[in-house]
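As a plain string of letters, each chain reads:
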Number of protein chains: 2
Amino acid sequence: MIISVADIENAYTKIKNSIINTPLVSNDFINNTLDAEVYFKLENLQNTGSFKLRGATHKISKLSKEIINNGVVAYSSGNHAQAVAYAAMNNNITAKIIMPKNAPKIKIENTKKYGADIILYDTFFENREKIGNEIKEKENRTLIKPYDDIDVIAGQGTAGVEIANELQSLDIIPDIYLCCCGGGGLVAGTSTYLSYKFPNLKSYAVEPDGFDDTKKSLENKKIVENASNVKSICDALLAPMPGNLTFPINLKNLSGGICVSDEEVRKTIILLSEQLKIVVEPGGAVAAAAVLNNKINIKNKKIIVMISGGNIDLELFRSL
Amino acid sequence: MIISVADIENAYTKIKNSIINTPLVSNDFINNTLDAEVYFKLENLQNTGSFKLRGATHKISKLSKEIINNGVVAYSSGNHAQAVAYAAMNNNITAKIIMPKNAPKIKIENTKKYGADIILYDTFFENREKIGNEIKEKENRTLIKPYDDIDVIAGQGTAGVEIANELQSLDIIPDIYLCCCGGGGLVAGTSTYLSYKFPNLKSYAVEPDGFDDTKKSLENKKIVENASNVKSICDALLAPMPGNLTFPINLKNLSGGICVSDEEVRKTIILLSEQLKIVVEPGGAVAAAAVLNNKINIKNKKIIVMISGGNIDLELFRSL
């Protein structure tokens, strides 16, 4: 087994004072409309506006004294960037972050605000892994990968610990778990913990249309890449293929993958703001979009829906 | 004493399965910016989008079998309207609600959605109390007042029970409590409970400029009315004067009143959406506006901030 429940529990013990135990909320209007009980895990209310702070905080907490002071480096479309910058700031170390030029402004600005050096790159002509590795070698910084790292996966899994604790305190046994999926770190970590606590739970990765690499890989039982000419508003979920570490975990834990369209995501963001009174970014809304658009039979069932982030540019939010 | 801690605890026992135990959240970025620890009580995440469901649910739960089936009647600018409609629907009784023609669309639509009969009136030429009393007499309905009713105040006070439980579980003793104030029911109920649990707590009513009737009344130790020619975007907080029941409670509990401008409220709504990832209506944002605009010295202090509602028309939200 690549990752154990104990890894996730240990991660939680390590980071729980550095992160927010985010709320798990339900809403009668949505439940009545869907004829189901939906529990939304609000990681958009996490510090830095997404779950990514869990993995970054955990990874940095495990660096040795010898190397931590050389600082860290990371590449990210934005949420991992903010998380690494923030965790580095809290540990008084420096961070260099490689971000795409076209990342949402809010993500670039917040990463700066948290004190990181930002290197913008062109997603078309440049390779972020290459830039990251060069900086890593030259400056002896530790590279904090966005998902394909066992400590990062364990850190993201701590959201599952909180969900399980909350549901158990309410005597609720969930039937279905829906989680967004880019590289698959969050769904790998959380589904490992939740499947252990609730053995009959069926977990699904939810992806944007065109970026359904995990869905296809699960169907083919091997890693399949996305076509390169696709687009989506879900900027946080555009990984080209499942991770080498995350995929085997997800293959073991998940019952399958689900896709949603940008239009379904847009409508979901509006509904979540009108009914749940929360601000959600496109990538953070895909799991909710799956239940609200009947992508899976949820009637009379208890469903956990991960809301993974809220870093949406206000201009985009307004335009919806 | 008009209302006791036991009244509020009994109300909580009665209604806790009919309402959401809403989250109390903190945000490092806001805390670091303010050099303080701020705990936001998210009643915008309550069913119907505001705390008003607490009072309405409690009041209806106390109606006798003889009168409950005649239904209820209420007048409200919108949040109490939705709450009474919703609580009536859950009790299988009918509701007639008198609302101003110019109430936010989302509030009128939701009240309809919850199955109430709506009577729109002109705030300039008509008197809502008169219309309400006529319906009450003619149809033998019970009038559910928006704030000046001891069962309603006790119901709103249950938000204080949840805040105290949560803070005590975290070993936190708050220094300051800031709560929005229209007729004063929410601040009366919650400050009664919070002052009992935290005897050194200083509580303040926060009002929009021009509608600072509670602030002035506290200063004068008697009920003072607002001027009639004032305007505010805080549609939920436009009561003309403190209530006959709420004012003596607030005079006993509160350390004073604070005012904020519409412009300060607008900026606060944006900041809360960008940083806390929540949707807040103008009236629900005044307490947050007070801390974010340094209306009171909060340095190094622990502050509870009530976010009372999130029913904002998306057009207004967009226009900010």
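Residues numbered from 1 in each chain as written. Chains lettered and ligands numbered in written order. Predicted model: local features only at pLDDT ≥ 70, side-chain atom pairs only at ≥ 80, totals over all residues.

A. Seen up close, the sheet that holds strand S3 (residues 72-75) of chain B. Residues and elements named next belong to chain B. Here we have 4 strands laid out as an open sheet, ordered S5-S4-S3-S6, and parallel in their pairing. What marks the edges here is a single partner per strand, and that holds for strand S5 (117-121) and strand S6 (142-143). Taken together, the 5 bridges between strand S4 (residues 95-100) and S5 define a ladder with parallel strand orientation. By the bridge assignment, Ile 98 is partnered in S5 with Ile 119. (Pairing = 2+ DSSP bridges. Helix = DSSP H or I, 4+ residues; strand = E, 2+ residues; numbered from the N terminus.)

B. Looking closely at the pairing of strand S7 (residues 176-180) of chain A. Residues and elements named next belong to chain A. Most of S7 is tucked away, with 5 of its 5 residues classed as buried. The alternating pattern of S7 places Ile 176, Leu 178 and Cys 180 on one face and Tyr 177 and Cys 179 on the opposite face, and all of these are buried. With helix H9 (residues 185-197) bridging S7 and its parallel neighbour strand S8 (residues 202-208), the resulting β-α-β unit is right-handed. Across 3 bridges, the pairing between S7 and strand S10 (residues 302-307) is parallel. If you follow Tyr 177 over to S10, its bridge partner there is Ile 304. (Buried ≥ 20, exposed ≤ 12 C-beta atoms within 10 Å, placed from the backbone. Right-handed = clockwise from strand over helix to strand, strands pointing away.)

C. Expanded view of the domain arrangement of chain A. Residue and element names in this part refer to chain A. Domain boundaries assigned for chain A yield domain 1 (5-50 + 150-319) and domain 2 (53-143). Spacing between the C-alpha centres of domain 1 and domain 2 amounts to 23 Å. Between domain 1 and domain 2, the contact holds 25 residues from the first and 20 residues from the second. At the level of secondary structure, the elements contributing two or more residues to the side of domain 1 that touches domain 2 comprise helix H1 (5-15) and helix H8 (150-169). Along the lines of polarity and charge, the residues of the side of domain 1 that touches domain 2 split into 9 nonpolar, 12 polar and 4 charged. (Domains from an automatic or database assignment. Contact = placed C-beta atoms within 7 Å. Nonpolar A, V, L, I, M, F, W, Y, C, P; charged D, E, K, R; others polar.)

D. Summary view of the relation of the copies chain B and chain A. Expressed as a screw transformation, the operator carrying chain B onto chain A has a rotation angle of 180° and an axial translation of 0.0 Å, and the superposed copies differ by an RMSD of 0.0 Å. The symmetry that links the two subunits is that of a two-fold axis. Of every C-alpha in chain B, the one belonging to Ile 278 of chain B sits nearest the axis of rotation, 2.1 Å from it. A share of 100% of the interface residues of chain B reappears at the interface of chain A, consistent with the copies meeting face to face through the same patch. (Least-squares fit on C-alpha atoms with pLDDT ≥ 70 in both.)

E. Region of interest: the sheet that holds strand S7 (residues 176-180) of chain B. Reading across the sheet, the 6 strands line up as S1-S2-S10-S7-S8-S9 (chain B) and stay open at both edges, with mixed pairing between neighbours. Each of the sheet's edge strands pairs with one partner strand only, and the pair in question is strand S1 (24-25) and strand S9 (254-260) of chain B.

F. Fine view of the interface of chain B and chain A. Opposite the 20 residues of chain B that make contact, chain A presents 20 residues. In terms of residue count, helix H12 (residues 262-276) of chain B provides more of the side of chain B that touches chain A than any other element does, 3 residues in total. Its residues placed into classes, the side of chain B that touches chain A shows 9 nonpolar, 7 polar and 4 charged.

G. Representation of the environment of Leu 63 of chain A. All names here are of chain A. The topology assignment puts Leu 63 in the loop between helix H3 (52-61) and helix H4 (65-68). Using a count of 17 C-beta atoms within 10 Å as the deciding quantity, one classes Leu 63 as partly exposed. Between the alpha carbons of Leu 63 and Cys 259 there is a distance of 37 Å; along the sequence they are 196 residues apart. Those residues in contact with Leu 63, other than ones at most four positions away along the chain, are Ile 68 and Thr 142.

H. The arrangement of unusual backbone geometry in detail. Residue and element names in this part refer to chain B. With phi around 70°, Thr 48 is a residue other than glycine that occupies positive phi space. Considering the arrangement of structural elements, one finds Thr 48 in the loop between strand S2 (37-42) and helix H3 (52-61). What makes Thr 48 buried here is the crowd of 30 C-beta atoms within 10 Å. A positive phi angle is found at Asp 171, which is not glycine, with a value near 60°. By secondary structure assignment, the location of Asp 171 is in the loop between helix H8 (150-169) and S7.

I. Geometry of the confidence of the model for chain A. The share of residues in chain A with pLDDT of 70 or more is 100%, and the mean pLDDT across the chain is 95. The ipTM value of the predicted complex is 0.87, and its pTM value is 0.91. (pLDDT = per-residue confidence, 0-100.)

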